[in-house]
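The lines below spell out each chain.
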Amino acid sequence: MSEKPSGDAHLATLAATVAPGLAGAEAGPGRLDHVAQLCRTANFARRHLEVTVLYEANLTWTSYDVLHLTVMHRPVDTGVVAALAHVSKGSVTRSATALIKRGLLRRSIPATDRRRSLLAPTTAGWALNQQVRAQLIAELNTLLDNQVSADRHDIDVLRHLITAYHRDPSLPGATA
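Read on for an overview of the structure.

For the rest of this paragraph, the subject is the overall build of the chain. A tally of regular secondary structure across the chain gives 7 helices and 3 strands. Sequence-ordered secondary structure for the chain, helices as α and strands as β, is α-α-α-β-α-α-β-β-α-α. Buried positions account for 32% of the 176 residues belonging to the chain. Put simply, of all contacts in the chain between residues at least 6 apart along the chain, 49% involve residues at least 24 apart. Here the chain displays about 11300 Å² of accessible surface, and carbon together with sulfur accounts for 56% of that area.

See below:
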């Protein structure tokens, strides 16, 4: 028998914390609709940040995440980065290879276990991470601060903005 992946025991607690609106949703279709809306909202935010910030740094969300996690946990095993980013180890390897070619990361193999691969940022990688992170925060604040009121959460604001961005083709990332 296969076991569920670790962390499933805390899934209900996480869902209640992250998406309290799901608890009151109608069982089945209502909950699925809420989850689909949350996924669309997350995809919108990710795409918006990729288009407005990461594109100029020649990064995708995954490559930024690999760089950022490497900076935060240096040195770090590629398998750990994959688990933290919730992507495949192959995705981490592809992103890391591109970042290494750009001189932003370096790879090492520990003498104690030659099967492992450790990533660490270079000085240029650390600096780019700091710069891009500041730009991402500024863009997200710009996106949210114009819309936030005391009774609205960031996720509600992003859901509202999805509609506006899809209706106005002049906005970055719009799909009208």
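In this fold, Ser-117 is placed in the loop between β2 (105-108) and β3 (118-121). In this structure the side chain of Ser-117 is engaged in a polar contact, spanning 3.3 Å, whose partner is the side chain of Arg-107. Dropping the residues within four chain positions of it, Ser-117 is found in contact with Val-76, Asp-77, Thr-78, Arg-107 and Ser-108.

What holds strands together in a sheet is hydrogen bonding between their backbones, with the strands either parallel or antiparallel. Across the sheet, 3 strands lie side by side as β1-β3-β2; this open sheet has antiparallel pairing. Among the strands making up the open sheet, the edge pair consists of β1 (76-77) and β2. Across 4 bridges, the pairing between β2 and β3 is antiparallel. Across the sheet, Arg-107 pairs through a bridge with Leu-119, a residue of β3. Relative to the sheet, helix α5 (residues 89-101) contacts β2 and β3, its axis offset from that of β2 by approximately 120°.

Moving on to the pairing of β3. Side chains of β3 alternate between two faces, with Leu-118 and Ala-120 and Leu-119 and Pro-121 buried alike. Pairing of β1 with β3 involves 2 bridges; the strand directions are antiparallel. Pairing of Val-76 across the sheet is with Leu-119, part of β3.

Here we take up the layout of surface pockets. The computed volume of the largest pocket comes to approximately 270 Å³. Residue lining of the largest pocket: Ala-45, Arg-46, Leu-49, Trp-61, Tyr-64, Arg-133, Leu-136, Ile-137 and Leu-140, and that is the complete set. The element best represented in the lining of the largest pocket is helix α6 (residues 123-145), accounting for 4 residues. Per-class residue counts for the lining of the largest pocket are 7 nonpolar, no polar and 2 charged.

Quick notes on the rules
Residues numbered from 1 in each chain as written. Predicted model: local features only at pLDDT ≥ 70, side-chain atom pairs only at ≥ 80, totals over all residues. Heavy atoms only, no water. Helix = DSSP H or I, 4+ residues; strand = E, 2+ residues; numbered from the N terminus. Buried < 20%, exposed > 50% of the residue type's maximum accessible area, 1.4 Å probe, protein only. Contact = heavy atoms within 4.5 Å. Areas by Shrake-Rupley, 256 points an atom, 1.4 Å probe, with all protein chains shown as cover. Polar contact = N/O pair within 3.5 Å; in protein donor to acceptor, adjacent residues only side chain to side chain. Pairing = 2+ DSSP bridges. Axes fitted to C-alpha atoms, helices over the stretch in contact; angles between N-to-C directions. 1 Å grid on protein atoms, 1.4 Å probe; cavity = no way out; pocket = protein on both sides within 12 Å on 5 of 7 lines; lining within 4 Å. Points joined across faces, edges and corners; volume = space filled by probe spheres on them. Nonpolar A, V, L, I, M, F, W, Y, C, P; charged D, E, K, R; others polar.

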